[in-house]
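Residue-level structural notes
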Amino acid sequence: MIHLLKNIRRVECIEAYHLQHSDIIADRGIWLNVYQQFSPIDTIGLSSVEISDKIENKQRVFTTKLTMFRSEKLMPGAKKLCFRVTTVTGSQFLIGSADKPYPVIQNEETFPSSDSGKSGVTVTVTLTSLIPMLSILD
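This write-up is about the structure you can find in this document. Chains are numbered independently. Their residues run from 1 in the order of the written sequence. Local features in this predicted model are restricted to residues of pLDDT 70 or higher, and side-chain atom pairs are both shown and tallied only at a pLDDT of 80 or more, whereas totals for entire chains, interfaces and linings draw on every residue. Note: side-chain values were computed over all heavy atoms of the structure, leaving out hydrogens and water.

**Examining the environment of I44**
For the record, the criterion: Only DSSP runs of H or I covering at least 4 residues are called helices, and only runs of E covering at least 2 are called strands; the numbering of each starts at the N terminus. Here the term buried applies to any residue with accessible area under 20% of the maximum for its type, exposed to any over 50%, and partly exposed to those in between, with areas from a 1.4 Å probe on protein chains only. It only takes one pair of heavy atoms within 4.5 Å for two residues to be counted as in contact.
With respect to the helices, strands and loops of the structure, I44 is situated in the loop between strand 4 (39-41) and strand 5 (48-56). Take I44: its relative accessible area is 44%, and that puts it in the partly exposed class. Sequence separation between I44 and E15 is 29 residues; the distance between their C-alpha atoms is 23 Å. Discounting chain neighbours no more than four positions away, the residues touching I44 are F69, R70 and S71.

**Structural notes on the sheet that holds strand 6 (residues 59-70)**
For clarity, the cut-off: Should DSSP find at least two bridges between two strands, the strands are taken to pair. A fitted line through C-alpha atoms serves as each axis, taken over the contacting stretch for helices, and the angle formed by two N-to-C directions is quoted from 0 to 180°.
One open sheet accounts for four strands, arranged 5-6-10-9; its pairing is antiparallel. The strands lining the two open edges of the sheet, one partner per strand, are strand 5 and strand 9 (104-110). The sheet shows a mean angle of 20° between the axes of neighbouring strands, direction not considered. As defined by bridge partners, strand 9 adjoins strand 10 (residues 120-129) across seven bridges and the pair is classed as antiparallel. Bridge assignment links N107 to a residue of strand 10, and that residue is V123.

**Topic: the sheet that holds strand 3 (residues 29-31)**
A sheet is described by the order of its strands in space; here seven strands give the open sequence 2-3-11-8-7-1-4, paired in mixed fashion. The outermost strands of the open sheet, each flanked by one partner alone, are strand 2 (23-25) and strand 4. The mean angle between the axes of side-by-side strands here comes to 35°, regardless of whether they run parallel or antiparallel. Here seven bridges tie strand 1 (residues 8-15) to strand 7 (residues 81-87), and the two strands are oriented antiparallel to one another. Across the sheet, the residue bridging to V11 is V85, located in strand 7.

**Remarks on the pairing of strand 5**
Of the pairings in the sheet, the one linking strand 5 to strand 6 comprises nine bridges and is antiparallel in character. Looking at strand 6, one finds that V49 is bridged to L66. Where strand 5 folds back on strand 6, the antiparallel hairpin that results is connected by two residues, among which N57 adopts a positive phi of roughly 50°.

**Thoughts on the pairing of strand 11 (residues 134-137)**
Pairing geometry for strand 3 and strand 11, over two bridges, is parallel. When the sheet's bridge partners are listed, I30 is paired in strand 11 with I136. The pairing of strand 8 (residues 92-95) with strand 11 spans two bridges and is classified as antiparallel. Residue pairing for strand 11: L94 is matched across the bridge by L134.

Limitation: the analysis is restricted to geometry and does not speak to function.
Have a look at this one:
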């Protein structure tokens, strides 16, 4: 029996233009080519990633959705960010690339009505692209 542990324990970001020297290898992943300095994002608990696909205009389009819970909003300003996620087993994946389209960031702040409610910000990062979330190749 194979156990798959794909819970996201760490989320990091980098500006998209830093990835311009990376090579996407079809059906395998992405080779970063040079060391890249990713900035950690503070999250509360484990994060999640959902990937779906559909056919549009005779092409497969992937929608990758990263959801994380934080104590504050993630506000990139004019920066185009890409995200590296690390699973509990150490596997790393990249959401986004140096080229358009870029991931879209949405913040949802919660002020619960009960004492036992969960206060904080749910950050959702969505990427709709011809390229799915890519495995980072070493």
